[in-house]
Amino acid sequence: MEVEGKILLFEKAHKMKVKADLQARLDMCDQFSKAMAEKSAEQLKRFEERMELQHRQEKHQLLEQLVKGSKEALGQQEKLKEEHRHRAKLLTLKLREAEQQRQQEIERVRQEEGRERMRRLCSLQQEALQLIQKIQVDYKQQEALRVDLSAYGHRGNQICGILSTVVRSSSERGYPTQDDVSLGEHSLQEMKMLVNTIEKELAAAEERKKAEDEAAKEKQKEAQQIQQQQAKLQTPAPTQDQKQTKREGLQKKASKGTLQRFLELQKVLELCQKVCEELATCKDPQTKKIRADLQRAVTTPVSQISSVSGSQVRDTFDKINNFLMGKPIVSAGRTIVVSQHPLGLDFVCLKLAEKLVSQGEEEVASHHESAFPIASVASALWERYPKVGELFLANLHKKCPYAVPFYPAFQEGISLEEYQRLLGYQVKDSIVEQQDSFLKRMSGMIRLYAAIMQVRWPYGTNQGVSRLFFLHWTRFLSPS
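Per-chain numbering applies: the sequence of each chain, read as written, is numbered from 1 onward. Only residues with pLDDT of at least 70 get local features here, since the model is predicted, and only at 80 or more are side-chain atom pairs given and counted; chain-wide, interface and lining totals rely on the full set of residues. For the side-chain quantities, the full set of heavy atoms in the structure was used; hydrogens and water were omitted.

Here is the rule: UniProt positions are given in the numbering used here, feature names are shortened, and annotations may be inferred rather than shown by experiment.
As named in an unreviewed UniProt entry, the protein chain is mRNA export factor GLE1, taken from Engystomops pustulosus. UniProt, in the comment section headed Function (unreviewed entry), describes the protein chain in these words: "Required for the export of mRNAs containing poly(A) tails from the nucleus into the cytoplasm. May be involved in the terminal step of the mRNA transport through the nuclear pore complex (NPC)." The protein chain has a UniProt comment under Sequence similarities (unreviewed entry) that states "Belongs to the GLE1 family."

Structure (structure tokens):
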């Protein structure tokens, strides 16, 4: 009965899933049908406008032929007038004829200009009708790129409607004015801007989709590598005699618990980076300004740590500590608070940990005497903010796996460049850094790590916490 009950539950869940999938499919079909119906209506409207434009052009051609015929008749009349002008006896008749000719010339020029403006307006409408085809992007393409361009399509249709109204009203009253032509040119320019904007958005969407696909492939590749590392690290538990043997003499590799802690710290780092991704990649100008202020508030003081003055080291710690506590500080003439953004504290802790590791591989590697001042600030921050310490250790292990210690083994399926990155080498444009530079960076980070394990913040009062903090490090490095 228990098995049958589970089978019934499974069938019920399966039916509900099928029903939900069917409903989703029906909704998608409804949306597609609605989109196609709107598109068909718009295409029918464009067809009617084209037919109306064609009829109007034929009408204007007929009018031009009539005008041409009238011009020929007028020419013959002028010839007759020339032949019989010598017969005219009254000066008033000649003046009348001259005035009549002047009025006719003015009217002819006015009509010619009106017809030219009408031809210009019709050509603008025809060009706009051609551009509307580019604006109406295929529904499936929008869905594939995850963009919504319906607003541009609506605006394009409005512009076509405006042009059609202007042409129709101009035709009804005779000829269009210069204002009508200017309105048509402005509408066409707006239509071109819409086309350019759509092309840019489609290109950006394609690039974004390509980047997301590459990022997904990269994450999948990293996940496979982590799984391979975890599978390799999962060795059988040693017996009591083997444990006793391992504790004697120099150990050749880290213990299973140490490697497990290493993987846990990497997960903490990845989780924090994922949480801060929204703030780190946001393109909003105001958010970018807040991000720059938060990063500068913690990285600038760390860069200023030196071994010249102990008071300067303490001032640096106090500035960073007050900032992490939520107090406002002044940096580059601006007042900054960590609560300016909901993700501010996580982002600041991440950037602070990255900056401390960067100081190890750059500053300490070049100036060995700077290891202990930086270590003093780092140990104090680690003691008061354990999250900063975990992120620092995770970044240190990522850049310098020998601090675990962990020496990644070469595995099938990964490239040589990727394996060198796992070892800690910097690879840029398929060029691996020199061995001297690599050893210099590794030694700088190891020096900083060793200094942190030895030093304690001299201005603290909570000695018990500092002692437990030191025992935590020694237990992490212990082979058992």
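On we go from here.
**Observations regarding helix α13 (residues 386–399)**
Applied cut-off: For the purposes of this entry, the term helix denotes a DSSP run of H or I that reaches at least four residues, the term strand denotes a run of E that reaches at least two, and both are numbered from the N terminus. A helix is expected to span 1.5 Å multiplied by its residue count minus one. Remark: exposure states derive from per-residue accessible area (1.4 Å probe, protein chains only) relative to the maximum for the residue type, with buried under 20%, exposed over 50%, and partly exposed in between.
Here α13 spans 20 Å end to end across 14 residues, near enough to the 20 Å set by a 1.5 Å rise per residue. Taken as a whole, α13 has its buried residues at Val-388, Gly-389, Leu-391, Phe-392, Leu-393, Ala-394, Asn-395, Leu-396 and His-397.

**Here we look at a nonpolar patch on the surface**
Stated precisely, the cut-off is as follows: Patch membership requires more than 30% relative accessible area and the absence of a salt bridge. Residues of like charge join within 9 Å; the nonpolar side chains Val, Leu, Ile, Met, Phe, Trp and Tyr join within 5 Å. Residue exposure ignores everything except the shown protein chains as possible cover, and the areas themselves are Shrake-Rupley values with a 1.4 Å probe. Basic side-chain nitrogens of Lys or Arg form a salt bridge, by our definition, when they fall within 4 Å of a carboxyl oxygen of Asp or Glu.
On the surface, a cluster of nonpolar side chains totalling about 280 Å² of accessible area is made up of Leu-44, Phe-47 and Met-51. Relative to the helices and strands, Leu-44 is located in helix α1 (residues 2–84).

**Things to note about the layout of surface pockets**
What counts here: A cavity here means a set of points on a 1 Å grid, drawn over the protein atoms and nothing else, where a 1.4 Å probe fits but cannot get out; a pocket is an open set with protein on both sides within 12 Å along at least five of seven lines, and a residue lines either one if it has an atom within 4 Å of a point. Grid points are joined across faces, edges and corners, and a volume is the space filled by probe spheres set on the points. The nonpolar class holds Ala, Val, Leu, Ile, Met, Phe, Trp, Tyr, Cys and Pro. Asp, Glu, Lys and Arg form the charged class, and all remaining residues, Gly among them, are polar.
In this structure, the largest pocket encloses a volume near 1300 Å³. What lines the largest pocket is a set of 34 residues, and nearest its centre among them are Glu-222, Gln-266, Glu-270, Gln-273 and Lys-398. Listing elements by their share of the lining of the largest pocket, those giving two or more residues are α5 (178–233), α7 (256–275), α8 (277–281), α13 and α14 (416–423). Element by element, the count of residues in the lining of the largest pocket is highest for α5, at 10 residues. Its residues assigned to classes, the lining of the largest pocket comprises 12 nonpolar, 9 polar and 13 charged.

**Focus on the nonpolar core**
The criterion, for reference: Only buried residues count toward a nonpolar core, which is a set of Ala, Val, Leu, Ile, Met, Phe, Trp, Tyr and Cys residues joined through side-chain atoms within 4.5 Å. By definition in these notes, contact holds between two residues if any of their heavy atoms fall within 4.5 Å.
By size, the foremost hydrophobic cluster in this structure holds 60 residues, and its most contacted members are Leu-294, Phe-323, Leu-352, Leu-381, Phe-392 and Leu-396. When residues of this core are traced back to their parent elements, those giving at least two are α7, α9 (285–303), α10 (310–324), α11 (344–366), α12 (371–384), α13, α14 and α15 (435–454). If one sorts the elements of this core by residue count, α11 sits on top with 9 residues. When near neighbours in sequence (up to four residues on either side) are disregarded, Leu-381 contacts Phe-317, Ile-320, Leu-324 and Leu-352. By size, the runner-up hydrophobic cluster in this structure holds 19 residues, among which are Ala-128, Ile-135, Cys-160 and Val-166.

**Focus: the UniProt feature "coiled-coil region" (unreviewed entry) in the protein chain**
The positions that UniProt labels "coiled-coil region" (unreviewed entry) are, in the present scheme, residues 81–115. Span residues 81–115 is 83% helix and 0% strand, its end C-alpha atoms 29 Å apart.

**Concerning the packing of α7 against α11**
Threshold: Helix axes are fitted to C-alpha atoms over the stretch in contact, other axes to C-alpha atoms as well, and angles between N-to-C directions run from 0 to 180 degrees. When describing relative orientation, an angle under 35 degrees is termed roughly parallel and one over 145 degrees roughly antiparallel, while 65 to 115 degrees is termed roughly perpendicular and anything else oblique. Left-handed describes a crossing in which the near helix is turned anticlockwise from the far one by less than a right angle; the clockwise case is right-handed.
One way to put it is that α7 packs onto α11 with a least axis distance of 9 Å and a crossing angle of 130°. With respect to each other, α7 and α11 are oriented oblique. Classified by chirality, the crossing of α11 by α7 is left-handed. Residues Leu-269, Cys-272, Gln-273 and Val-275 of α7 pack against Asp-346, Leu-350 and Glu-354 of α11. Of the residues contributing to the contact of α7 with α11, the split by class is 4 nonpolar, 1 polar and 2 charged.

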